[in-house]
Amino acid sequence: TGGDWTHRAARGLGPKVGDEEVKPSGGMDTALDVLEKTERMAFQLTTKVASYKRMVDRIGTRKDTEGHRAKVRAMGEEIGILAKEAVHELRGYKAKGKRAKTSQNKLLKDIQNVLADFQQAQRLCAEKRSASEPVKTPVKRSKSRRSRAATNNADSGRPPLEEE
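Presented here is a report on the structure given in the accompanying data block. (Residues numbered from 1 in each chain as written. Predicted model: local features only at pLDDT ≥ 70, side-chain atom pairs only at ≥ 80, totals over all residues. Heavy atoms only, no water.)

## Comments concerning the pattern of salt bridges
The criterion, for reference: Salt bridges are defined as contacts in which a side-chain nitrogen from Lys or Arg sits within 4 Å of a carboxyl oxygen from Asp or Glu. Only DSSP runs of H or I covering at least 4 residues are called helices, and only runs of E covering at least 2 are called strands; the numbering of each starts at the N terminus.
Under the defined criterion, the tally for this structure stands at five salt bridges. As a salt-bridge pair, Lys53 and Asp117 come within 3.2 Å of each other at their nearest N and O atoms. In this pair, Lys53 is assigned in helix H2 (residues 31-57) and Asp117 in helix H4 (residues 98-131), connecting sequence segments 64 residues apart.

Here it is as structure tokens:
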């Protein structure tokens, strides 16, 4: 999910607020600053939710350890905090002008879509956690067949396999 803000934020660009001139007001964030800050938060949310989903996919596999589950929990908490901040910033913003209001509404809708995706991932996480126990010690990858064959041949006195 995401929209135009995702591409603009990825390139370090701010929102389009039309022809409205935004002037700093002594220490207060300008309208443009608030929208840019919220766009960055929305982009971070999208990125963190994608990471969270990848982490949830590992639950129930051999990479599922207590440490991994702790990271999943921590990531979920980070996303919750960031989401609250983003929504608070956006709702506190008073848009002036049609384009600014449109930008604000679109950004709010994008954030809501990302949060709906996050909630779905949380439900899946809860299901997977209850269905499986974490691995006590992570399973390490075994040697490749070629490596095992070379080791076995070395032990048997035969010449190693030739590389192709």
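There is more to say, and it comes next.
## A closer look at the environment of Thr38
Formally: Throughout this description, buried means an accessible area under 20% of the type-specific maximum (1.4 Å probe, protein chains only), exposed means over 50%, and partly exposed covers the range between. Two residues form a contact once any of their heavy atoms are found within 4.5 Å.
As for its placement among the helices and strands, Thr38 is situated in helix H2. In this structure Thr38 comes out as buried when scored by relative accessible area, which is 0%. Taking the C-alpha atoms as reference, Thr38 lies 5.6 Å from Ala86; in sequence the two are 48 residues apart. Those residues in contact with Thr38, other than ones at most four positions away along the chain, are Ala86, Glu89, Leu90, Leu107 and Ile111.

## What about the packing of H2 against helix H3 (residues 66-92)?
To keep things clear, this is the line we draw: Axis geometry follows a simple rule: fit a line to the C-alpha atoms, using only the stretch in contact for helices, then measure angles between N-to-C directions, giving values from 0 to 180 degrees. Orientation labels follow simple angle bins: below 35 degrees gives roughly parallel, above 145 gives roughly antiparallel, 65 to 115 gives roughly perpendicular, and whatever is left gives oblique. Left-handed describes a crossing whose near helix is turned anticlockwise from the far helix through less than a right angle; right-handed describes the clockwise counterpart. By the convention adopted, Pro, Cys, Tyr, Trp, Phe, Met, Ile, Leu, Val and Ala count as nonpolar, Lys, Arg, Asp and Glu as charged, and the other residues, Gly among them, as polar.
One way to put it is that H2 packs onto H3 with a least axis distance of 9 Å and a crossing angle of 155°. What the angle tells us is that H2 and H3 run roughly antiparallel. The interaxial crossing formed by H2 with H3 has left-handed handedness. Classifying every residue of the contact of H2 with H3 by side-chain character gives 15 nonpolar, five polar and six charged.

## Let's talk about the packing of H3 against H4
Look at H3 against H4: their axes get within 11 Å of each other, and the N-to-C directions meet at 160°. Judged on the interaxial angle alone, H4 and H3 are roughly antiparallel. Seen from above, H3 lies across H4 with left-handed handedness. The residues of H4 that touch H3, namely those facing Arg69, Val72, Arg73, Gly76, Ile79, Ala83, Ala86, Val87, Leu90 and Arg91, are Gln104, Leu107, Leu108, Ile111, Gln112, Leu115, Phe118, Cys125, Lys128 and Arg129. A breakdown of the residues in the contact of H3 with H4 according to their chemical character gives 12 nonpolar, three polar and five charged.

## A word on the nonpolar core
Going by this rule: For the purposes of this section, nonpolar cores are sets of buried Ala, Val, Leu, Ile, Met, Phe, Trp, Tyr and Cys residues that join through side-chain atoms within 4.5 Å.
The biggest cluster of nonpolar side chains holds 28 residues, and the ones touching the most others in it are Leu45, Tyr52, Val72, Ile79 and Ile111. Among the elements of the structure, H2, H3 and H4 are those that each provide at least two residues to this core. Tallying contributions element by element places H2 first for this core, with nine residues. Excluding residues within four positions of it along the chain, Tyr52 makes contact with Val72, Met75, Gly76, Ile79, Phe118, Ala121, Gln122 and Cys125.

## Remarks on H4
Condition: What a helix should span is 1.5 Å times the count of its residues minus one.
With 34 residues, H4 extends 50 Å from end C-alpha to end C-alpha; this agrees with the ideal 50 Å at 1.5 Å per step. By the burial criterion, the buried members of H4 are Ala100, Ser103, Gln104, Leu107, Leu108, Asp110, Ile111, Val114, Phe118, Ala121 and Cys125.

## Quick word on H3
End to end, H3 covers 39 Å across 27 residues, agreeing with the expected 39 Å (1.5 Å per residue, within 8%). Along H3, the residues that are buried comprise His68, Arg69, Val72, Met75, Gly76, Ile79, Leu82, Ala83, Ala86, Val87, Glu89 and Leu90. Check the buried side of H3 and you find it contacts H2 and H4.

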